[in-house]
There are 2 protein chains.
Amino acid sequence: MTPSSANDESRRSLLSRRGFVAGAGAVGGVVAGAGAAAAMAGHRDTSNDAVDSGDTIDLDRSVAFYTGLHQAGIETPPQRYCVYMTFDLTSPTTRDLQVLLARWSAAIAQMMAGKPIGTVQPTSGEGVGSDTGEALDIGPSSLTVTLGLGPGIFGPDLGLGHRAPRLLRDLPRLPSDNLDRATTGGDLSLQACADDPQVAYHAVRDLARMGRGVVDTRWTVMGFGRASAGLGQSTPRNLLGFKDGTRNLREPSEFDQYVWLHDDVDWMDGGTYQVARKIRMNIEIWDADRVSDQEHVFGRSKVVGAPLSGTREFDTPDFHARSHGQDDISPVSHIALAAHENNGGIRILRRSYNYTDGINPFGQLDAGLLFIAYLNDPRHFVALQTRLGGSDLLNEYISHIGSAVFAVPPAPKVGGYLGEALFA
Amino acid sequence: MTPSSANDESRRSLLSRRGFVAGAGAVGGVVAGAGAAAAMAGHRDTSNDAVDSGDTIDLDRSVAFYTGLHQAGIETPPQRYCVYMTFDLTSPTTRDLQVLLARWSAAIAQMMAGKPIGTVQPTSGEGVGSDTGEALDIGPSSLTVTLGLGPGIFGPDLGLGHRAPRLLRDLPRLPSDNLDRATTGGDLSLQACADDPQVAYHAVRDLARMGRGVVDTRWTVMGFGRASAGLGQSTPRNLLGFKDGTRNLREPSEFDQYVWLHDDVDWMDGGTYQVARKIRMNIEIWDADRVSDQEHVFGRSKVVGAPLSGTREFDTPDFHARSHGQDDISPVSHIALAAHENNGGIRILRRSYNYTDGINPFGQLDAGLLFIAYLNDPRHFVALQTRLGGSDLLNEYISHIGSAVFAVPPAPKVGGYLGEALFA
């Protein structure tokens, strides 16, 4: 089951948290021997038992906006913080939406380059600043802002229905839904991610400010501790204490196959779909559970993150393996239900973040996961979540309280703006 | 007034946010010439017009817990994130409090060293983990956890009243108070600060978990973008876009004079007092204000942060300077009312953080400042806030919605625990 995880616990707990995990991985390697080494073949060093290579965070890095291809913030290796916000369109004119998207695009390009939007301090000294200023002294911090267009944009008001992305519609009711209207839906979404939360917050704040009169804010989540890994990153942990996203998409070829649109409506070429879910976790109840049961629920070991059929994090789960007359990995564990092997090959990109809403009215810690997925067919999420919501052992501990779906247009070239081709 | 701030705005806005500020500082230096250079004499390079030296964040740094002197997290240069939480004591026995403080101390020492609390994965595999695990792969991240004891600890229940810190009592009602009971008070406080928010959240979560049965959670704020500077740090910005804490305490001699206790009750020697205020900022209203008025409200320029009587951030404000028949710095501006020159020499350490609570019921961005002060006489805060709350121009834009006061005992030596001398 998990030969690497038990024996040396007391010794390992004297080491540092990080040395501790590296040590555990080494022990796993020794115990598993040649078999594990063979299973690891073909994996990159960066995913080699997941000691985070990011001991330092460089706030001077920046990401390009005008790629003319895919929007940033999707394939971009997840930054450490995220401010996600959705908006309702309050103006019924296409022109207002068009101008907003053009203005937002220019502002996003500035901010991603680490520049303020126009002036903080107007030349006359008597005007209102176009940038609120609180990110002035901080580097670009790898900021990305990713825009989504919700189903409402293609409703009867704006006359854009004939150009709607083919698969964009509100998600059906799903088995796990416990949705709060206050954290559901939206006509537009902004996902601002950065390695400094003040940079991410500043971006959404100033874009919301620019949108006044055309859009109203709807719901927002501030995420921290990225709970998904990208190319070259080790796997982070969610607030259940488990590594999250070990089997996530990382390779460009996987993005081509599962994320980017090739044959939807023409103006969405190179775009994708975004599904956002606010998932509350009952962490105080979870914390009272035995670790062996937590591992049974996930199908992975807690410290190393190995599938219960293996010994190392990146071992391929064997859903048929049995020990002592029982399945190593329960068929209703989270990884079994979510695995592409058990879902006709369906894979989606997860780009999630942890969040906390403080303390709930019962005095318990209120926290969870801002789940964000990108995929070229939203029905794949519906299929996965229908299975998970129906029988996932994790359902006892989580609750889907927010939900929204958006079409994510491709990135503009210099001189263009997000969604421009929609109005052509 | 602010000769450096206006002329080159359009050119500067083409530069990076950081280059932009550095450029503005250089211009200020040229304009002010030898006078400004003289005013700067005696300041360290690090405070030299405040280009943040922290472009990279090192998550491998750690801070010592068992100093036997002052608790960490006070003089420690502010880390980037803070989770602040207060608790109500639910057990009426001194013994329970004593055991909790001993257990918390041991756990805090482990976590500050970057180690889990005991085991994440019990040796037997069948037990409950003593650490919830989500900080396993992250370095110490300069974590500090600072404990405070509220007035309730010295009430009639526990029989500790005769040992109460001399100046510990609930704050009186202040002119600016708009307090919400849900974010006010507490018998114990934990301030967990770190350069990674997951590390700070993990610390408070696991300490809250250890406290179940003895304490209930009361209120919490998660702060980001430190809004105060310590020794060697440049001055960060609050969510009003202004530098905050330019005149903060930074030198050890200042801490001796204004923060550490020397002649309170004996068991508090080397301790201090903590005042926490949750201050909501009406940022959407603020953002609609002219920058010249914002500067008038603060008494400083927005981009450079110079007092309106000077040209560079660390110029000493001249509250008597006048131009064109008017005060350069309004006597009811924030810096005039808060200045030690105008308050009988009173100074306090501010160690604040920005926060956001998302969107309020009116669709506006809900954000503000978690103001935390350390000082060796809480009456000094009362005096300052009475003046500020009565006439500060800033009051139009802010609202004090949370408040608490705590005695902060000194740090234990190895083998001891926080507050141990209280029970001797």
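Definitions and limits used
- Residues numbered from 1 in each chain as written.
- Chains lettered and ligands numbered in written order.
- Predicted model: local features only at pLDDT ≥ 70, side-chain atom pairs only at ≥ 80, totals over all residues.
- Helix = DSSP H or I, 4+ residues; strand = E, 2+ residues; numbered from the N terminus.
- Buried ≥ 20, exposed ≤ 12 C-beta atoms within 10 Å, placed from the backbone.
- Axes fitted to C-alpha atoms, helices over the stretch in contact; angles between N-to-C directions.
- Parallel < 35°, antiparallel > 145°, perpendicular 65-115°, else oblique.
- Left-handed = near helix turned anticlockwise from the far one by under 90°.
- Contact = placed C-beta atoms within 7 Å.
- Nonpolar A, V, L, I, M, F, W, Y, C, P; charged D, E, K, R; others polar.
- Domains from an automatic or database assignment.
- Expected span 1.5 Å × (residues − 1).
- Arc of directions from axis to C-beta.
- Pairing = 2+ DSSP bridges.
- Least-squares fit on C-alpha atoms with pLDDT ≥ 70 in both.
- pLDDT = per-residue confidence, 0-100.

Quick notes on the overall build of chain A
Part 1 of the reasoning: Scanning chain A from N- to C-terminus turns up nine helices and 12 strands.
Part 2 of the reasoning: For chain A, the proportion of its 424 residues judged to be buried stands at 56%.

A short note on the packing of helix 3 (residues 94-112) of chain B against helix 4 (residues 197-211) of chain B
All names here are of chain B.
Part 1 of the reasoning: Put simply, helix 3 and helix 4 touch, their axes get as near as 10 Å, and they point 155° apart. Classified by the angle between their axes, helix 3 and helix 4 sit roughly antiparallel to one another. Every pair of crossing elements has a handedness; the one defined by helix 3 and helix 4 is right-handed. Counted together, L100, R103, W104, A107 and M111 of helix 3 and A203, D206, L207, M210 and G211 of helix 4 form the full contact between these two elements.
Part 2 of the reasoning: The residue inventory of the contact of helix 3 with helix 4, partitioned by class, reads seven nonpolar, one polar and two charged.

Brief notes about the domain arrangement of chain A
Part 1 of the reasoning: For chain A, the assigned domains read domain 1 (12-42) and domain 2 (83-292 + 295-423).
Part 2 of the reasoning: Averaged C-alpha coordinates put domain 1 of chain A and domain 2 of chain A at centres separated by 31 Å.

Quick word on helix 3 (residues 94-112) of chain A
Part 1 of the reasoning: With 19 residues, helix 3 of chain A ought to run about 27 Å at 1.5 Å a step, and its terminal C-alpha atoms sit 27 Å apart, in line with that.
Part 2 of the reasoning: Its buried side turned inward, helix 3 of chain A meets strand 2 (81-89), strand 3 (144-149), helix 4 (197-211) and strand 5 (215-226) of chain A.

Topic: helix 9 (residues 378-391) of chain B
All names here are of chain B.
Part 1 of the reasoning: Counted at 1.5 Å a residue, the expected span for helix 9 with its 14 residues is 20 Å, and the 21 Å between its end C-alpha atoms agrees.
Part 2 of the reasoning: When we look at burial in helix 9, the residues that qualify are P378, H380, F381, L384, Q385 and L388. Burial along helix 9 is one-sided: seen end-on, the buried residues are contained in an arc of 140°.
Part 3 of the reasoning: Tucked inside the fold, the buried residues of helix 9 contact strand 6 (272-281), helix 8 (334-338), strand 11 (365-375) and strand 12 (398-408).

Some remarks on unusual backbone geometry
Part 1 of the reasoning: Positioned with a positive phi, S142(A) is a non-glycine residue whose angle comes to about 55°.
Part 2 of the reasoning: Mapped onto the fold, S142(A) is located in the loop between helix 3 and strand 3.
Part 3 of the reasoning: Even without being a glycine, H324(B) presents a positive backbone phi close to 50°.
Part 4 of the reasoning: Residue position: H324(B) is located in the loop between strand 7 (322-323) and strand 8 (326-327).

A look at the interface of chain A and chain B
Part 1 of the reasoning: Listed as interface residues are 73 residues of chain A and, on the opposing side, 73 residues of chain B.
Part 2 of the reasoning: Broken down by secondary-structure element, the contributors of at least two residues to the side of chain A that touches chain B are helix 1 (9-12), helix 2 (17-40), strand 1 (56-58), helix 4, strand 5, helix 7 (291-298) and strand 10 (353-359) of chain A.
Part 3 of the reasoning: No other element matches the seven residues that strand 5 of chain A contributes to the side of chain A that touches chain B.
Part 4 of the reasoning: Its residues assigned to classes, the side of chain A that touches chain B comprises 26 nonpolar, 28 polar and 19 charged.
Part 5 of the reasoning: Relative to strand 1 (residues 56-58) of chain B, strand 1 of chain A runs antiparallel, the two sharing three bridges. Paired with D58(A) across the two strands is T56(B), which belongs to strand 1 of chain B.

Things to note about the relation of the copies chain A and chain B
Part 1 of the reasoning: Between the two copies, chain A and chain B, the superposition gives an RMSD of 0.0 Å; the rotation angle is 180° and the shift along the axis is 0.0 Å. Interpreted geometrically, this transformation is the action of a two-fold axis. Among all residues of chain A, the one whose C-alpha sits closest to the rotation axis is I57(A), at a distance of 2.5 Å.
Part 2 of the reasoning: Taken together, the interface assignments show that 100% of the residues at the interface of chain A recur at the interface of chain B, consistent with an identical surface on both copies.

Remarks on the environment of R226(B)
All names here are of chain B.
Part 1 of the reasoning: Within the secondary structure, R226 sits in strand 5 (residues 215-226).
Part 2 of the reasoning: Spatially, the C-alpha atoms of R226 and Q121 are 34 Å apart, while their sequence positions differ by 105 residues.
Part 3 of the reasoning: Not counting residues within four places of it along the chain, the set of residues in contact with R226 comprises P78, Q79, R80, P236 and Y353.

So, the pairing of strand 3 (residues 144-149) of chain B
Residues and elements named next belong to chain B.
Part 1 of the reasoning: Across the six residues of strand 3, six count as buried, placing the element largely inside the fold.
Part 2 of the reasoning: Neither face of strand 3 is exposed, since T144, T146 and G148 on one face and V145, L147 and L149 on the opposite face are all buried.
Part 3 of the reasoning: In the sheet, strand 3 pairs with strand 4 (residues 188-194) via six bridges, with the strands oriented antiparallel. Of the residues in strand 4, the one forming a bridge with L149 is L188.

Notes on the confidence of the model for chain A
Residue and element names in this part refer to chain A.
Part 1 of the reasoning: Across chain A, the average pLDDT comes to 87, with 87% of residues at 70 or higher.
Part 2 of the reasoning: The low-confidence segment residues 1-16 (pLDDT under 50) makes 39 contacts with residues lying over four places distant or belonging to another chain.
Part 3 of the reasoning: This model gives residues 18-53 a pLDDT under 50, and the stretch forms 68 contacts once residues within four places in sequence are excluded.
Part 4 of the reasoning: Both scores are given for the predicted complex: the pTM is 0.88, the ipTM 0.87.

Some remarks on the pairing of strand 5 of chain A
Residue and element names in this part refer to chain A.
Part 1 of the reasoning: With 11 of its 12 residues buried, strand 5 lies for the most part within the structure.
Part 2 of the reasoning: In terms of strand pairing, strand 2 meets strand 5 through nine bridges, oriented antiparallel. Bridge pairing in strand 5 links F87 to T217.
Part 3 of the reasoning: With two bridges connecting them, strand 5 and strand 10 associate as antiparallel partners. Residue F224 lies in a different strand from strand 10, and its bridge partner there is N354.

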